[in-house]
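What the coordinates show
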Amino acid sequence: QVQLVESGGGLVQPGGSLRLSCAASGTIYTIYSMGWYRQAPGKHRELVVTITGGGMTNYADSVKGRFTISRDNGKNTVYLQMNNLKPEDTAVYYCDADLYGPGLRRVYWGQGTQVTVYS
């Protein structure tokens, strides 16, 4: 069984920073990519950023220059450093991992962590 556990969400004022973490645990043979998505109230879930095992990244235009993803392959953990946060960044942030686990390759999701940017 594989689990993704996120942490680091919270309340912050515009211009502030937060750092999210997501740790994958369980029977994991290979992680192909990990990433962050977000879903604001009344909106579809959208890509924030992904990172491959080799370190290739893909950022949404809305977060380029403000958010930075990093990955610790030894710990099966991915981090999202969010700087200069804006009210429109308010959402539930979900971590995902495309990995080969018990018997198959599939995408796993975390439970989500709330990020609220308020004035």
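In the block above lies the structure referred to throughout.
Residues numbered from 1 in each chain as written. Predicted model: local features only at pLDDT ≥ 70, side-chain atom pairs only at ≥ 80, totals over all residues. Heavy atoms only, no water.

**Points about the state of the cysteines**
Which entries qualify depends on this criterion: Criterion for a disulfide: a pair of cysteine sulfur atoms within 2.5 Å. Starting at the N terminus, helices and strands are each numbered in turn, a helix being any DSSP run of H or I of at least four residues and a strand any DSSP run of E of at least two. For the exposure calls, accessible area comes from a 1.4 Å probe over protein chains only, and a residue counts as buried if that area is under 20% of its type's maximum, exposed if over 50%, partly exposed in between.
For the structure shown, the criterion picks out 1 disulfide. Covalently, Cys 22 is tied to Cys 95 through a disulfide, its sulfur atoms 2.0 Å apart. Linking Cys 22 and Cys 95, the disulfide has an S-S dihedral of approximately -75° and is accordingly described as left-handed. On the criterion of sequence distance, the pair formed by Cys 22 in strand 3 (residues 18–26) and Cys 95 in strand 9 (residues 91–100) is long-range, its members being 73 residues apart. Taken as a pair, Cys 22 and Cys 95 share a single burial class, namely buried.

**Remarks on the sheet that holds strand 3**
Test applied: Here a strand pair is declared whenever DSSP counts at least two bridges between the two strands. Fitted lines through C-alpha atoms serve as axes, helices being fitted only where they are in contact, and the angles separating the N-to-C directions of these axes extend from 0 to 180 degrees.
The sheet built from 4 strands is open, its strands ordered 1-3-8-7 with antiparallel pairing. Lying at the two open borders of the sheet, with one neighbouring strand each, are strand 1 (2–7) and strand 7 (67–72). Strand-to-strand twist of the sheet, defined as the mean angle between neighbouring strand axes without regard to direction, takes the value 15°.

**Remarks on the environment of Phe 67**
To be explicit about the condition: The contact criterion used is simple: two residues touch if any of their non-hydrogen atoms lie within 4.5 Å.
Mapped onto the fold, Phe 67 is located in strand 7. Residues Phe 67 and Val 49, spaced 18 residues apart in sequence, show a C-alpha to C-alpha distance of 8.6 Å. Not counting the four nearest positions on each side in its chain, Phe 67 is found in contact with Arg 38, Val 48, Tyr 59, Leu 80, Gln 81, Met 82, Asn 83, Leu 85, Asp 89 and Tyr 93.

**Observations regarding the environment of Ala 23**
Within the fold, Ala 23 resides in strand 3. Its relative accessible area of 31% is what places Ala 23 among the partly exposed residues. Setting aside residues up to four positions removed in sequence, Ala 23 forms contacts with Gln 3, Leu 4, Val 5, Asn 76 and Thr 77.

**So, the pairing of strand 8 (residues 77–82)**
Along strand 8, 5 of the 6 residues are buried, which leaves the element largely enclosed by surrounding structure. Pairing of strand 3 with strand 8 involves 6 bridges; the strand directions are antiparallel. In the sheet register, Ala 23 faces strand 8, and the bridge partner there is Thr 77. As judged from the 6 bridges shared by strand 7 and strand 8, these two strands associate in the antiparallel manner. Across the sheet, the residue bridging to Ser 70 is Tyr 79, located in strand 8. The antiparallel hairpin formed by strand 7 and strand 8 contains 4 residues in its connecting segment, where Asn 76 sits at a positive phi of about 50°.

**Notes on the side chain of Thr 77**
Rules: Under this definition, polar contacts are N or O atom pairs within 3.5 Å; protein pairs additionally need one hydrogen-donor-capable and one acceptor-capable atom, and for neighbouring residues in sequence, both atoms have to be side-chain atoms.
Summarising the element assignment, Thr 77 is placed in strand 8. Classification of Thr 77 as buried rests on a relative accessible area of 8%. Within the structure, the side chain of Thr 77 is placed 2.9 Å from the backbone oxygen of Lys 75, a separation counted as a polar contact. With sequence-adjacent residues up to four places away left out, Thr 77 is seen in contact with Cys 22, Ala 23, Ser 70, Arg 71 and Asp 72.

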